[in-house]
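# Notes for the structure review
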Amino acid sequence: MEIVSTENAPKALGPYSQAVKAGGFVWCSGQIPIDPAVNAVTAEGIEAQTRQSITNLKHVLEKAGAGLDKVVKTTVFIKDMNDFAALNAVYAEMFGETKPARSCVEVARLPKDVLVEIECVAAL
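Right, let's walk through the structure included here. Quick caveat: nothing in here was measured; it's all calculated off a predicted structure.

### With respect to a nonpolar patch on the surface
Taken together, the side chains of Phe25, Trp27 and Val72 present a nonpolar region at the surface, about 270 Å² in accessible area. Mapped onto the secondary structure, Phe25 falls in strand β3 (residues 25-31).

Given below as structure tokens:
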């Protein structure tokens, strides 16, 4: 097992790692739309927050030696299912031809009251 950490993604908000490499996979913790340059949520709206969350995942994956094209499963936590179509548009754009397995659930609240959190598992 190897811990993955990069300055290009937000630091963990608790006692966990940005990601862990194990068994030929990288297991990424959920990323919320914190801009690591200022360590704050600057993105407003579901589209911008989805883009920042996936960008954060991309940086963690790259540090681990993978990329969005290697993602096999994502879990999306969304504050309001009415934002599902807008989230999907950004998600499809950023993942391109890669279409990992996915779950998406509406939740009551997310850290820092953001609109979306996304976690993933990628092959190495």
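The discussion continues.
### Thoughts on helix α2 (residues 84-95)
Working note: α-helix, 3.6 residues per turn, so residues spaced by three or four point in the same direction. Between its terminal C-alpha atoms α2 stretches 16 Å, which fits the 16 Å expected from 12 residues at 1.5 Å a residue. Among the structural elements, α1 (45-64), β6 (71-78), β7 (101-106) and β8 (116-123) are those in contact with the buried residues of α2.

### Considerations on unusual backbone geometry
One non-glycine residue, Lys112, lies in positive phi territory at about 60°. Looking at the secondary structure, you find Lys112 in the loop between β7 and β8. Assessed through its relative accessible area of 54%, Lys112 is described here as exposed. The phi torsion at Asp113 lies on the positive side, around 55°, for a residue other than glycine. Mapped onto the secondary structure, Asp113 falls in the loop between β7 and β8.

### Quick word on the sheet that holds strand β1 (residues 2-4)
Sheet architecture is open: 6 strands sit in the order β1-β2-β3-β8-β6-β7, paired in mixed fashion. The strands lining the two open edges of the sheet, one partner per strand, are β1 and β7. When strand polarity is set aside, the average angle formed by the axes of neighbouring strands in this sheet is 15°. Here strand β2 (residues 19-22) pairs with β3 via 4 bridges, running antiparallel. When the bridges of β3 are listed, Lys21 appears paired with Val26. Running over the sheet, α2 touches β6, β7 and β8 and is turned about 155° from β6.

### Focus: the nonpolar core
Grouped together as the largest cluster of nonpolar side chains are 25 residues, with contacts concentrated most on Val26, Cys28, Ile54, Leu61, Val71 and Leu87. Elements supplying a minimum of two residues to this core: β3, α1, β6, α2 and β8. For this core, the element with the most residues is α1, which contributes 6 residues.

### Topic: the packing of aromatic side chains
Taken as a whole and judged by the stated rule, the model has 2 aromatic pairs. Between the aromatic rings of Tyr91 and Phe95, the centroid separation amounts to 4.6 Å while the plane-to-plane angle is 35°, which identifies the pairing as tilted. With a gap of 4 residues between them, Tyr91 and Phe95 both fall in helix α2, about one helical turn apart. Each member of the pair Tyr91 and Phe95 is classed as buried. Between the NZ or CZ atom of Arg102 and the centre of the ring of Tyr91, over which it lies, the distance is 4.6 Å.

### Re the environment of Gln49
With respect to the helices and strands, the residue Gln49 is situated in helix α1. The exposure class assigned to Gln49 is buried, which follows from its relative accessible area of 6%. Between the C-alpha atoms of Gln49 and Pro111, which are 62 residues apart in sequence, the distance is 13 Å. Filtering out sequence-adjacent residues up to four positions away, Gln49 remains in contact with Pro33, Val41, Ala43, Val114, Leu115 and Val116.

Reading the values: rules and limits
- Residues numbered from 1 in each chain as written.
- Predicted model: local features only at pLDDT ≥ 70, side-chain atom pairs only at ≥ 80, totals over all residues.
- Heavy atoms only, no water.
- Patch = residues over 30% accessible without salt bridge, like charges linked within 9 Å, V, L, I, M, F, W, Y side chains within 5 Å.
- Areas by Shrake-Rupley, 256 points an atom, 1.4 Å probe, with all protein chains shown as cover.
- Salt bridge = Lys/Arg side-chain N within 4 Å of Asp/Glu carboxyl O.
- Helix = DSSP H or I, 4+ residues; strand = E, 2+ residues; numbered from the N terminus.
- Expected span 1.5 Å × (residues − 1).
- Contact = heavy atoms within 4.5 Å.
- Buried < 20%, exposed > 50% of the residue type's maximum accessible area, 1.4 Å probe, protein only.
- Pairing = 2+ DSSP bridges.
- Axes fitted to C-alpha atoms, helices over the stretch in contact; angles between N-to-C directions.
- Core = buried A, V, L, I, M, F, W, Y, C linked by side-chain atoms within 4.5 Å.
- Phe/Tyr/Trp six-rings, centres within 6.5 Å; stacked < 30°, edge-to-face > 60°.
- Lys NZ or Arg CZ within 6 Å of the ring centre and 35° of its normal.

All we've got here are geometric facts, nothing functional implied.
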